[in-house]
Amino acid sequence: MGRVQGKVAFITGAARGQGRSHAVRLAAEGADIVAVDVCADLPTVPYDLGRDEDLARTAELVEKEGRACLTARADVRDLAALREAVRAAMDRFGRLDVLVANAGILSFGRTWELPEETWSEMIGVNLDGVWKTIRAAVPAMIEAGHGGSVIVTSSNAGKRGLANLPHYSAAKHGVVGLCKTLAVEGAEYGIRANTVHPTTVGTRMALNDATYSVFFPGVEAPSKRQIDEGFQSLNLLPVPYIDPMDVSHAVVYLASDESRYVTGSQLYVDAGTTER
Ligand SMILES: NC(=O)c1ccc[n+]([C@@H]2O[C@H](COP(=O)([O-])OP(=O)(O)OC[C@H]3O[C@@H](n4cnc5c(N)ncnc54)[C@H](O)[C@@H]3O)[C@@H](O)[C@H]2O)c1
């Protein structure tokens with residue numbers, strides 16, 4: 001309890017999945033939350049994204065922890081909308097201490113077959129969107145004068161290539177370079193920047209028919225046992241996919257002053273998958 005007491009955390013992709021889990025876990029540790037999500041589907045993403053009611057549910061769960069939650073419907077590709085959300089956060093809370101750039105999408109195709117719009121939408125959300133989130137929020141952090149912690153959600157695909165994910169892997173490698181640069185530039189303002197790299201996480205992004213058709217080709221309607229065995233084969237530790245809360249524990253550590261001298265690092269919450 002109280003590991004981020006009194007801090008304010010701005011989280012993208014917070015309607016559900018890992019973003020919601022980070023919001024609730026940071027609130028349980030004493031932070032007020034700004035929860036941002038697009039709350040709409042995107043044309044090249046082969047599964048549904050978060051909804052307005054999901055974002056409202058995140059706010060309810062944060063409030064249940066006794067903390068305030070400001071919500072904003074914004075696409076991370078829209079810098080003006082992100083700036084507006086930051087302005088609303090500063091008006092309400094007067095400070096911004098933690099930024100979790102977590103919003104992301106998944107889609108599939110081999111490098112030389114990927115449609116151009118699939119490439120562009122992926123880079124737009126998973127790479128440009130992270131920069132725009134940082135661009136919108138870090139000046140407010142600097143102005144508030146309390147330093148800050150920027151945490152960017154990369155992936156095990158931010159350390160290696162994975163078939164059918166050239167655009168995803170390029171974006172997830174790209175945010176590492178972005179974050180390391182921010183670590184260099186932000187240090188004099190007390191701003192730290194780190195990436196987290198999860199293995200498969202049991203969220204809608206991983207658990208949907210489009211993902212199964214790529215990960216388990218030729219298996220129509222795979223059973224729960226086939227799905228678990230398939231994902232398990234990617235990890236060293238005995239788990240098919242981790243819980244969002246496993247990533248939230250890492251996020252709380254990076255958000256808190258316990259990690260006050262940790263910056264420019266890559267934290268793997270990956271059940272050993274990148275050592276396979
Ligand atoms: N699920 C996995 O297996 C896995 C593994 C490694 C890394 N990741 C990364 O974790 C992060 C969170 O994903 P998740 O697993 O919670 O998936 P998820 O699909 O459950 O949640 C992603 C959230 O981001 C939102 N979002 C998508 N595009 C957006 C945009 N343009 N602007 C604002 N919000 C947007 C969605 O509406 C959704 O609520 C992503 O960056 C993802 O790439 C996921």
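Things to note about unusual backbone geometry
Here is step 1 of the chain: Phi angles above zero are rare outside glycine, and Asn164 is one such case at about 75 degrees.
Here is step 2 of the chain: Among the secondary structure elements, Asn164 is positioned in the loop between β5 (148–153) and α5 (166–186).
Here is step 3 of the chain: Under the relative-accessibility criterion, Asn164 is labelled partly exposed at 26%.
Here is step 4 of the chain: In this model, Ala221 sits at a positive phi of 45 degrees, which is unusual for a non-glycine residue.

So, the environment of Val150
Here is step 1 of the chain: Positionally, Val150 belongs in strand β5.
Here is step 2 of the chain: Assessed through its relative accessible area of 0%, Val150 is described here as buried.
Here is step 3 of the chain: Distance from Val150 to Glu258, taken between C-alpha atoms, is 14 Å for residues 108 residues apart in sequence.
Here is step 4 of the chain: Residues in contact with Val150, not counting those within four places in the same chain, are Leu99, Ile134, Val138, Met141, Leu182, Ile191, Arg192, Ala193 and Asn194.

Section: the packing of aromatic side chains
Here is step 1 of the chain: Within the structure shown, the criterion is met by 4 aromatic pairs.
Here is step 2 of the chain: Centroid distance Phe231 to Tyr241: 6.0 Å. Interplanar angle 85 degrees. Geometry classified as edge-to-face. Linking Phe231 in helix α7 (residues 224–232) with Tyr241 in the loop between α7 and α8 (244–255), this pair joins segments that are 10 residues apart in sequence.
Here is step 3 of the chain: The rings of Tyr212, Phe215, Phe216, Phe231 and Tyr241 are connected pair by pair, giving a single aromatic cluster.
Here is step 4 of the chain: Sitting over the ring of Tyr268, Lys159 keeps its end group 5.0 Å from the ring centre.

What counts and how
- Residues numbered from 1 in each chain as written.
- Predicted model: local features only at pLDDT ≥ 70, side-chain atom pairs only at ≥ 80, totals over all residues.
- Heavy atoms only, no water.
- Helix = DSSP H or I, 4+ residues; strand = E, 2+ residues; numbered from the N terminus.
- Buried < 20%, exposed > 50% of the residue type's maximum accessible area, 1.4 Å probe, protein only.
- Contact = heavy atoms within 4.5 Å.
- Phe/Tyr/Trp six-rings, centres within 6.5 Å; stacked < 30°, edge-to-face > 60°.
- Lys NZ or Arg CZ within 6 Å of the ring centre and 35° of its normal.

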